[in-house]
Amino acid sequence: MKRKAIAAALLGAGLITLGSAQAATEIQWWHSMGGALGERVKAIAEKFNASQKDYTVVPVYKGSYPVSMTAAIAAFRAKNPPHIVQVYEVGTATMMAAKGAIVPVAKVMKDSGEKFDPKAYLPTVTGYYTDLKGNMLSLPFNSSTALFYINKDAFKKAGLEPVAPKTWKELRAVAEKLKAAGQACVYTTSWPSWVHVENFSAWHNVPIGTKQNGMGGFDTVFEFNSPLHVRHIQMLADMAKQGLFVYAGRTSQGDAKFAGGECAMFTGSASAIGGIKKAGKVDWSVNFLPYHDDVKGAPQNSIIGGASLWVMAGKPKGDYTGVAKFLGFLSLPETQVEWHTGTGYVPITLAAYEQTRASGFYDKNPGFDMAVKQLTLHNPTANSKGLRFGNFVQIRDIIKEELEAAFSGKKDAKAALDDAVKRGNDTLRKFQAANK
Amino acid sequence: MEKRVVFRSAWLPYLLVAPQIAITVVFFFWPAVQAVWYSFLLQDAFGLKTQFVGLQNFVALFNDPHYLQSFKITALFSVLVAGSGIVISLLLAAMADRVIRGALAYKTLLIWPYAVAPAIAGVLWAFMFAPSIGIVTYALKKMGVDWNWVVNGDQAMLLVVIAAVWNQISYNFLFFLAGLQSIPKSLIEAAAIDGAGPVRRFGSIVLPLLSPTTFFLLVINIVYAFFATFGVIDATTQGGPAGATQILVYKVFYDGVKAGDLGGSSAQSVVLMFIVITLTVIQFRFIERRVQY
Amino acid sequence: MVENRPWLNFFAHAVLILGAVVIAFPLYVAFVASTLPYEQIVAVPMPLMPGDRLLENYGQVLLHGSTKGSGAAVSRMLFNSMVMALVIPFGKITISIISAFAIVYFRFPLRNFFFWMIFVTLMLPVEVRIIPTFQVIADLGMLNTYAGLTLPLIASATATFLFRQFFMTVPDELAEAARIDGAGPMRFFWDVVLPLSKTTMAALFVIQFIYGWNQYLWPLLITSEESMYTSVIGIARMIVGGDAATEWHLVMSTALLAMLPPALVVLLMQKWFVKGLVETEK
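A short tour of the structure in this document, coming up. (Residues numbered from 1 in each chain as written. Chains lettered and ligands numbered in written order. Predicted model: local features only at pLDDT ≥ 70, side-chain atom pairs only at ≥ 80, totals over all residues. Heavy atoms only, no water.)

Across the boundary between the two partners, chain A contributes 34 residues, which contact 28 residues of chain B. Carbon and sulfur atoms make up 56% of the area that chain A and chain B hide from each other, which totals about 2500 Å². Put simply, chain A and chain B have one salt bridge between them. Counting every contact that joins chain A to chain B gives eight residue pairs in polar contact (both at pLDDT 80 or more). In terms of residue count, helix H19 (residues 392-407) of chain A provides more of the side of chain A that touches chain B than any other element does, eight residues in total. In the side of chain A that touches chain B, the residues fall into 15 nonpolar, six polar and 13 charged. (Contact = heavy atoms within 4.5 Å. Buried area = accessible area lost by both parts, 1.4 Å probe. Salt bridge = Lys/Arg side-chain N within 4 Å of Asp/Glu carboxyl O. Polar contact = N/O pair within 3.5 Å; in protein donor to acceptor, adjacent residues only side chain to side chain. Helix = DSSP H or I, 4+ residues; strand = E, 2+ residues; numbered from the N terminus. Nonpolar A, V, L, I, M, F, W, Y, C, P; charged D, E, K, R; others polar.)

Structure, rendered in structure tokens:
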């Protein structure tokens, strides 16, 4: 017994000395940026920590997007959430509905008196994370959009001009020529739902769902089984049957197929540029997404993908001042320019975009401004501001499942999209009921 | 069956069973009761709002064609895994029972996959069958087979069945071998003297004598396919493509953990509990009366 | 052998050799991949002769993990796997042998009730109670802890039954003699029951070592910190970005490292393993 008491005393003393040595308040930041991106995240945090003495931001890699989101929710339920968590765009509506679990970024900034001007941000980027009253709920961190890449070498080999087709009709014609020239994988895509349903809809200025793509309320229903959508998915299914389109998988699997030189054309995230450059195997160009030229209003503008930073509730009050300071630091043009040029993600403020352009970076690195250009091609409409559907993590998987059924020829495009809409609506209703 | 000689103590037996009972209550019974309770609730992912919805989760479940589809897939998967696993292992065991030279070496070479975790088994096979770089894919393409399990559901099913069977062969093999070795040699010899050839002997004597083992393995393999193959699926197809390999257990995991749907996932847990109880009852009722109480 | 039929013997050997080769093929491919650089694996078809990167690849994963997916060191994961593989059998054997002892050698109120409680756990595998068990662990603050990884897995109906069956075969005379000598139940347990149970314990240990090492769903649920990953989870976390982007050379090095300890146990303790498997029937 006595020995135990002494041990406890020693332990206590140890803790006290540890505590006093660590005067700065710790701010936990959970993220999903692995590999090289993770190094960038670490660098940002270190720079912030060096810039002041009161707060220490501790970035923690928590695994992939769904894993870290699940971990944050579990931590909240266990009453020990991190201060900041990076959540991918599909989780937005779920996070937003969790009043009491999150603190809107606008409120964090206001409460701590940190300088904050919502107008300084790019509207297509922040629109995704802002409520209808104009309050920014989460801070966009890594945002990209869907772009179209071609392998110039493959084009030349097939006797084609190495210029990207602008429309789907042109793409199909090119695809047939590439195939005839012996190209095994002609076209592939990453993120099938994001590219071929979500971005496709915005790009053609048609709705994904009612109520401004769900931004206007929980009682939204899906509309992506329109004749235009059916036609597009049927076209892809036909291409798959003819061997012109190779399905790579549900997430970023297409990236490597293009970067490795296997596929001649590819649609995927703007952030694929880094990987393609690093592999250094192909002579490539990055372009706007193809569109159907008989659709009025196309091309409109594309929408973002990526993730934003959410501030979790339930931390000591004083901590939020530090959180606000850090979010302010993240929005600084210098931080943004470094992030943008280092990763290929789009800058979130106009100032950062201008600063990068003025530095001549885009002239030296063609393609890095393609995402911003495409996102800001026109002023966003109700169909192209973004989307906000509850339980979208599940719904996106439903869409991918149904697309797989269409691409493998198990269902025709109409049936697949009808089923996706029906199952998606059921899931939306469940979300609506759970968040009454 | 009871012991005649027993010890007496008012507290010691309770102390001895306490750890087991404590863990059982905290980690088995309490969660099981919770699962039943949760299955009547509708809750958001963060657990901020909870409503009692009665049987609504179950109604939704059985009206969901994809849940019913998941039953069919689980049944197909179990039949394929159990059927092909048993046939292959029986063949190997019959051969191993026959040879004298190298018997131990063969046995050793056939039992090691038991040591491999199902998830790793999945990874090994997925690597060989990877659509763009797999070595088997390459061979298949040379033979004119268009192999891409990422989009072709039948191929995905085939892949997970192969991985699951490979992982389970050792287990079946050892039981069949033990079963074969326990068949009295005199029976076989008598049949041989009567002029029955090896194939006929196998059909008329060995197989009937092995039927308890076979039936036991059938149940074990079905239980294996139902539950233990979670790792195989999660490390390879994750239930895809288009839900072609989404077995029931994977769906519980997906809905509960990835989609944050507490009520729906718990309702599925309750359904699964019924299935396990049935399987366990069959196992004890018909196979082996291990528990004579 | 009843009669000598050369062609049948030949056939038997042929089938067995074919079986052994097919079964070993994935292992061989994995080994080759673990000795190659990434570029050679993604250049279709990959070579089928081992390369010269064995030490680099294994060194990389042991010390630094993969570079694209999870960057957690595999040495740490192997340690975590080892904790699970040792604590689970040890805990299981301990609590099962004492509860079986109580149930066999004592008469006390609620004995049948306890016995049935233990029996029913057979019907409640982790897979059917994923969310609530996770919740219990979260409420107890055991997420990302060794206690959380092991404790819920050490309750075991099969091990308890196995010991119970075995105790039934222990002659009553031994207990009688102990009682006449004035030895208490625990004395009897230590001096008689435990030494007699050695074989059963060894067999159980081998099976449960593999069980503990190969756990997947449970650690997947309750670990979110890389420092708590087990090797099997680590492998799944390294597979990112599709088949051509995954660092297969590192994944396969890790897979082989993660297979080695349980495979060694199976091969070196084959006798116990077979006994444990056939007798415990899972």
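More follows now that the structure is in view.
What the rule picks out here adds up to five cavities of 30 Å³ or more. The volume enclosed by the second largest cavity comes to roughly 100 Å³. Elements with a minimum of two residues in the lining of the second largest cavity: helix H20 (413-434) of chain A together with strand S1 (41-43) of chain B. At three residues, the largest contribution of residues to the lining of the second largest cavity is made by H20 of chain A. Its residues assigned to classes, the lining of the second largest cavity comprises five nonpolar, five polar and three charged. (1 Å grid on protein atoms, 1.4 Å probe; cavity = no way out; pocket = protein on both sides within 12 Å on 5 of 7 lines; lining within 4 Å. Points joined across faces, edges and corners; volume = space filled by probe spheres on them.)

Turning our attention to the interface of chain C and chain B. At the junction of the two partners, chain C supplies 121 residues and chain B supplies 103 residues. Carbon and sulfur atoms supply 76% of the area buried between chain C and chain B, which totals about 10500 Å² over both sides. Linking chain C to chain B there are zero salt bridges. At the boundary of chain C with chain B, the tally comes to 14 residue pairs in polar contact (both at pLDDT 80 or more).

It is worth spelling out a nonpolar patch on the surface at this point. Residues Leu-260, Leu-264, Leu-267, Leu-268 and Met-269 of chain C make up a contiguous nonpolar surface patch of about 460 Å² in total accessible area. Tracing the backbone shows Leu-260 of chain C in helix H14 (residues 248-268). (Patch = residues over 30% accessible without salt bridge, like charges linked within 9 Å, V, L, I, M, F, W, Y side chains within 5 Å. Areas by Shrake-Rupley, 256 points an atom, 1.4 Å probe, with all protein chains shown as cover.)

Take the state of the cysteines next. Residues and elements named next belong to chain A. Going through the model one piece at a time under the given rule, you end up with one disulfide over all chains. Disulfide pairing places Cys-185 opposite Cys-263 at an S-S distance of 2.0 Å. Because the sign of the S-S torsion sets the handedness, a value of about 90° for the bond joining Cys-185 and Cys-263 places this disulfide among the right-handed ones. You can see Cys-185 sitting in strand S6 (residues 185-189) and its partner Cys-263 sitting in strand S8 (residues 263-269), a full 78 residues away along the chain. Accessibility expressed as a relative area gives 3% for Cys-185, which makes it buried. The class for Cys-263 is buried, based on a relative accessible area of 0%. (Disulfide = S-S within 2.5 Å. Buried < 20%, exposed > 50% of the residue type's maximum accessible area, 1.4 Å probe, protein only.)

Moving on: the environment of Leu-196 of chain C. Considering the arrangement of structural elements, one finds Leu-196 of chain C in helix H10 (residues 185-196). Judged by relative accessible area, which is 38%, Leu-196 of chain C ranks as partly exposed.

Moving on: the pairing of strand S5 (residues 139-151) of chain A. All names here are of chain A. For S5, a buried count of 13 out of 13 residues is recorded, marking the element as mostly surrounded by other parts of the structure. Across six bridges, S5 lies against strand S10 (residues 304-312) in antiparallel orientation. By the bridge assignment for S10, Leu-139 is matched with Leu-309. Here five bridges tie S5 to S8, and the two strands are oriented antiparallel to one another. Pairing of Ile-150 across the sheet is with Met-265, part of S8. Pairing geometry for S5 and strand S9 (residues 284-287), over four bridges, is antiparallel. Across the sheet, Phe-148 pairs through a bridge with Asn-287, a residue of S9. (Pairing = 2+ DSSP bridges.)

The next point concerns H14 of chain C. Residue and element names in this part refer to chain C. Its 21 residues place the ends of H14 29 Å apart at the C-alpha level, agreeing with the 30 Å of an ideal helix rising 1.5 Å per residue. Leu-260 marks where H14 bends most, by close to 35°; the proline Pro-261 follows one to four residues later. Of all 21 residues making up H14, 17 are buried, and the element is well covered by its neighbours. (Expected span 1.5 Å × (residues − 1). Bend = angle between axes of the 7 residues up to and from the residue.)

Before going further, it helps to examine unusual backbone geometry. Omega for the peptide link from Ala-298 of chain A to Pro-299 of chain A comes to -5°, which places this bond in the cis form. Positioned with a positive phi, Lys-211 of chain A is a non-glycine residue whose angle comes to about 60°. Structurally, Lys-211 of chain A is set in helix H10 (residues 210-213). Positive phi outside glycine occurs at Leu-110 of chain C, with the angle close to 75°. By the secondary structure assignment, Leu-110 of chain C is in the loop between helix H4 (74-105) and helix H5 (111-120).

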